[in-house]
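# Residue-level structural notes
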Amino acid sequence: MDNCFDETDGDILRLIQEGFPLTGRPFKEVADKLKTHPRLDESEVMRRVAALKEKGVIRRIGAVIDGRAFGIVTTLLGAKVPAESVDLFADVVNSYSRVTHNYLRDEDRNIWFTIWGKSGEEIEKTIDEIKVKTGVTDILSFPSRKTYKIRAVFDIPNRL
């Protein structure tokens, strides 16, 4: 994966990670704020952001919603999945739109994922479906009891 970016890309990343403009033309606002780059206009910012996304530098741009305010519950799950079943298991888990993360780890409990739902019962039903579809039954659930938000701001170099 080519994660190279230049100083202008670094400036765009630093700006949008801490406060993506919530306006009708956010990329124009980004360009306007980065006046130190005279050739940077709205379309160039959009092109650069798209390229950074294509390279995998940016995974997504979106709001982080406080689900609890809407009655949403979440749980973190850890599964012990045999090596020969990892791909099938991941495909089944990823088929649920309510799965927000799904990671393979090099440890005994090797797949970790999160699911949200309107209730614990809804989540349990989904976990049961996953067990039936995959044959993997050793899945531990760690329901969210309290939200701890960490302000994650990455120290982005001028170029990579």
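Residues numbered from 1 in each chain as written. Predicted model: local features only at pLDDT ≥ 70, side-chain atom pairs only at ≥ 80, totals over all residues. Heavy atoms only, no water.

### Concerning the overall build of the chain
Threshold: Numbering goes from the N terminus for both helices and strands, where a helix is a DSSP run of H or I of at least four residues and a strand is a run of E of at least two. When we talk radius of gyration, it's over C-alpha atoms, and the globule rule is simply 2.2 Å times the number of residues to the 0.38. Note on classification: 1.4 Å probe, protein chains only; a residue is buried when its accessible area is under 20% of the maximum for its type, exposed when over 50%, partly exposed between these limits. Whether two residues are in contact is decided by their heavy atoms, any of which lying within 4.5 Å being enough. Under the convention used here, a 1.4 Å probe and the Shrake-Rupley method define accessible areas, while residue burial counts only the protein chains that appear. Counted charges follow a simple rule, with Lys and Arg positive, Asp and Glu negative, and His plus the chain ends left uncounted. Note that the charge is assigned to NZ on lysines, CZ on arginines, CG on aspartates and CD on glutamates.
In terms of helices and strands, the chain carries five helices and four strands. In the chain, the order of α-helices and β-strands from amino to carboxyl end is α-α-α-β-α-β-β-α-β. Expected size for 160 residues packed as a compact globule is a radius of gyration near 15 Å; at 20 Å, the chain overshoots this value by more than 25%. Dimensions along the principal axes, computed over C-alpha positions, put the chain at roughly 60 × 35 × 25 Å. The buried share of the chain, taken over its 160 residues, is 33%. Excluding contacts between residues fewer than 6 apart, the proportion of contacts in the chain whose partners are at least 24 apart in sequence is 65%. Accessible surface computed for the chain: about 10,900 Å², of which carbon and sulfur atoms make up 54%. Of the side chains in the chain, 26 bear a positive and 26 a negative charge, and the two mean positions are spaced by 5 Å.

### Description of the pairing of strand β3 (residues 111–117)
Side-chain direction in a regular strand flips from residue to residue, so the side chains alternate between the two faces of the sheet. The test is simple: Pairing between two strands is assigned when DSSP locates at least 2 bridges connecting them.
A large share of β3 lies buried, amounting to six of its seven residues. With seven bridges joining them, strand β1 (residues 73–79) and β3 adopt antiparallel strand pairing. Each residue of the ladder has a partner; that of T74, found in β3, is W116. The hairpin formed by strand β2 (residues 99–104) and β3 contains six residues between the paired strands.

### Notes on the sheet that holds β3
To be explicit about the condition: What counts as an axis is a line fitted to C-alpha atoms, over the stretch in contact for a helix, and the angles between N-to-C directions run from 0 to 180 degrees.
The antiparallel open sheet is built from four strands, whose spatial order is β2-β3-β1-β4. Edge positions in the open sheet fall to β2 and β4 (139–143), since each of these has one partner strand only. Averaged over all pairs of adjacent strands, the angle between strand axes in this sheet comes to 20°, irrespective of strand direction. On top of the sheet, helix α4 (residues 86–94) reaches β1, β2, β3 and β4; it is set at about 170° to β2, its chief contact. Strand contacts of helix α5 (residues 120–134): β1, β3 and β4, with the helix running at about 140° to β3, the strand carrying the most contacts.

Note that all results are geometric; they support no functional claim without further evidence.
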